[in-house]
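If you want the building blocks of each chain, they are given just below.
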Amino acid sequence: MRIVGLTGGIGSGKSTVSNLFKSHSIPVVDADLVAHDVLKKGTGGWKKVVEAFGEDILQANGEVDRPKLGHIVFSDHGKRQVLNRLLAPYISQGIFQEVIKLWMKGYKVIVLDIPLLFEVKMDKWTSPTIVVWVDSETQLTRLMERDGTSMEDAKYRIDAQMPLDLKKTKADIVIDNTGSLEELKENFLEVLKQVTKPLTWTEFWLSRQGGFLAFGSIFVGVLLCRKVL
C-alpha cells in the first residue's frame, strides 16, 4: 500500500489538488474532517479542549464554537500549540482508522491530506510527500479574495503556519500552483503518474493483496511441513 502525504498552506490550493485526486478515484483521508469529528460534543477531544479553554468557547447547544476557537488559537502561538497537542492523539487515531478501512477495501494507493503533515511528524509514515506551493504574494492575494478578509488578518493566519518555502524543502514532490487552474491540472497529471506507478515490493506486501498472499504462503508452507513430518 502506498500512503501519499499531501500538504500545503492556507490559500495554496491544497484542497483543489485533494479534489483532483478524488476525481481520479484515489481515496483521500482528510485530516480536517477527522479533526471536525474528534471535536464533536461529548468526545474525548471535546472534553480535553473544553477543560483547557473553558466553556466560553461553547455554543448554546454545547458544541464548540469553531470560529471563536480558531480566532483564539490563531492569535496566540502558545494556545495553538496547546490545541494541537490536545487533539493530535485523537486525530492520529482517526486517520489510522480511516487508513485501515481503505486497506480492507483493497486500495493500493491512498492520500493523506494533512495541513500539519511536517509539524506533527506524520510525513515519516508517508511516501512520497507532496507540497502544493505558491509564492507568498500569491498566497496572500488568494486568501484575501477567498475569505474576504483584510490584509492584516490574512497575514496573521499565514504567519501562524509553517512557511510554504520551508515545506517545499521537505517535500518529495512540489506542485507549483502560481498559475491558472488549467496549469495546475496539467501539473497534477504528471504527479498522478508518479503516484500511481507500480508498487514497490515493500508497498505490495503492505497492501491487502500482499497480506493475503503472505498469509496464504505461510498457510501452504505449514501444511507441507505437516505432511513431511
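Residues numbered from 1 in each chain as written. Predicted model: local features only at pLDDT ≥ 70, side-chain atom pairs only at ≥ 80, totals over all residues. Heavy atoms only, no water.

**Thoughts on the overall build of the protein**
The line we're drawing: Only runs of H or I of at least four residues qualify as helices and only runs of E of at least two qualify as strands under DSSP, and these elements are numbered from the N terminus. Burial classes: relative accessible area under 20% of the type maximum marks a residue as buried, over 50% as exposed, and values in between as partly exposed (1.4 Å probe, protein chains only). Working rule for contacts: check all heavy atoms of both residues, and any pair within 4.5 Å makes them a contact. Residue burial considers only the protein chains on display, and all accessible areas are found by Shrake-Rupley using a 1.4 Å probe.
In terms of helices and strands, the protein carries 11 helices and five strands. Counting across all 229 residues of the protein, residues that qualify as buried make up 38%. Taking contacts inside the protein between residues at least 6 apart in sequence as the whole, the part at least 24 apart equals 72%. Roughly 13500 Å² of accessible area belongs to the protein as shown, and the carbon and sulfur atoms make up 58% of that amount.

**Here we look at the packing of helix H6 (residues 136-147) against helix H7 (residues 151-159)**
Filter applied, for reference: Between N-to-C directions, angles cover 0 to 180 degrees, with each direction set by a line fitted to C-alpha atoms, over the stretch in contact for helices. Take the far helix as your reference; a near helix turned counterclockwise from it by less than a right angle gives a left-handed crossing, and one turned clockwise gives a right-handed crossing. Residues are grouped as follows: Ala, Val, Leu, Ile, Met, Phe, Trp, Tyr, Cys and Pro are nonpolar; Asp, Glu, Lys and Arg are charged; every other residue, Gly included, is polar.
At their nearest, the axes of H6 and H7 sit 9 Å apart, and the two run at 115° to each other. At the point where H6 passes H7, the crossing takes the right-handed sense. Here H6 contributes Gln139, Leu140, Leu143, Met144, Arg146 and Asp147 to the contact with H7, which in turn contributes Met151, Ala154, Lys155, Arg157 and Ile158. Grouping the amino acids of the contact of H6 with H7 by side-chain chemistry returns six nonpolar, one polar and four charged.

**Structural notes on the environment of leucine 117**
Positionally, leucine 117 belongs in the loop between strand S3 (109-113) and strand S4 (129-133). When residues no more than four places from it in sequence are discounted, the contact partners of leucine 117 are Gly5, Leu6, Thr7, Met122, Asp123, Thr126 and Thr129.

**Focus: the packing of helix H2 (residues 31-38) against helix H5 (residues 77-104)**
Put simply, the rule reads: Under this scheme an angle from 65 to 115 degrees is roughly perpendicular, one under 35 degrees roughly parallel, and one over 145 degrees roughly antiparallel; angles in between are oblique.
At a minimum axis separation of 9 Å, H2 and H5 run at an interaxial angle of 120°. In terms of axis orientation, H2 runs oblique to H5. The crossing of H2 and H5 is right-handed. Taking contact as the criterion, the partners of Ala31, Val34, Ala35 and Val38 in H2 are, on H5, Leu87, Tyr90, Ile91, Gly94 and Ile95. Considered class by class, the residues forming the contact of H2 with H5 number eight nonpolar, one polar and no charged.

**Re the confidence of the model for the protein**
Heads up, the condition is: Think of pLDDT as the predictor's per-residue confidence, scored from 0 to 100.
Scored by pLDDT, the protein comes out at a mean of 88, with 89% of its residues at no less than 70. For residues 217-224, every residue scores under 50 in pLDDT, and the model assigns this stretch zero contacts once sequence neighbours within four places are set aside.

**Quick word on the nonpolar core**
Nonpolar side chains in soluble globular proteins tend to end up buried together. Note the following rule: The criterion is simple. A nonpolar core is a set of buried Ala, Val, Leu, Ile, Met, Phe, Trp, Tyr and Cys residues joined through side-chain atoms within 4.5 Å.
Core analysis: the largest hydrophobic core is formed by 33 residues, its most contacted members being Val49, Leu69 and Ile95. Mapped by element, the contributors of at least two residues to this core are H2, helix H3 (44-53), helix H4 (66-74), H5, S3 and S4. Apart from the residues within four sequence positions on either side, isoleucine 95 is in contact with Val29, Ala31, Val34, Leu112, Ile114 and Met122. Within the second largest apolar cluster, 18 residues are counted, among which are Val17, Leu20, Ile26 and Val28.

**Some remarks on the sheet that holds strand S5 (residues 173-176)**
Rule in force here: Note: two strands are recorded as paired if DSSP finds a minimum of 2 bridges between them.
The parallel open sheet is built from five strands, whose spatial order is S2-S3-S1-S4-S5. Only two strands of the sheet have a single partner each, and these edge strands are strand S2 (28-30) and S5. The average undirected angle you get between the axes of adjacent strands in this sheet is 25°. Of the strand pairs in this sheet, strand S1 (residues 2-7) and S3 are connected by five bridges, and their pairing is parallel. Bridging from a neighbouring strand, glycine 5 pairs with leucine 112 of S3. Relative to the sheet, H5 contacts S1, S2 and S3, its axis offset from that of S3 by approximately 165°. Against the sheet, helix H9 (residues 181-195) makes contact with S1, S3, S4 and S5, and its axis sits at roughly 165° relative to S5, the strand it touches most.

**A word on H6**
For clarity, the cut-off: Take the number of residues in a helix, subtract one, and multiply by 1.5 Å to get its expected span. Residues adjacent in sequence count toward polar contacts only when both atoms are side-chain atoms; beyond that, a polar contact is any pair of N or O atoms within 3.5 Å, and within protein one must be able to donate a hydrogen and the other to accept it.
Counted at 1.5 Å a residue, the expected span for H6 with its 12 residues is 16 Å, and the 17 Å between its end C-alpha atoms agrees. Among the residues of H6, Thr138, Gln139, Leu140 and Leu143 are the ones counted as buried. In this structure aspartate 135 caps H6, since a side-chain oxygen of it lies 3.1 Å from the backbone nitrogen of glutamate 137. Among the residues trailing H6, glycine 148 stands out with phi positive, at a value near 60°.

**Here's the deal with the packing of aromatic side chains**
What counts here: Note on aromatic contacts: the rings of Phe and Tyr and the six-membered ring of Trp form a pair at centre separations within 6.5 Å, being stacked when their planes are under 30 degrees apart, edge-to-face when over 60 apart, and tilted otherwise.
Here the structure, examined in full by the defined rule, presents one aromatic pair. Judged by centre distance (4.8 Å) and plane angle (80°), the ring pair of phenylalanine 21 and phenylalanine 188 falls under edge-to-face. Within this pair, whereas phenylalanine 21 is found in helix H1 (residues 14-23), its partner phenylalanine 188 is found in helix H9, the two being separated by 167 residues in sequence. Judged on exposure class, the residue phenylalanine 21 and its partner phenylalanine 188 are both buried.

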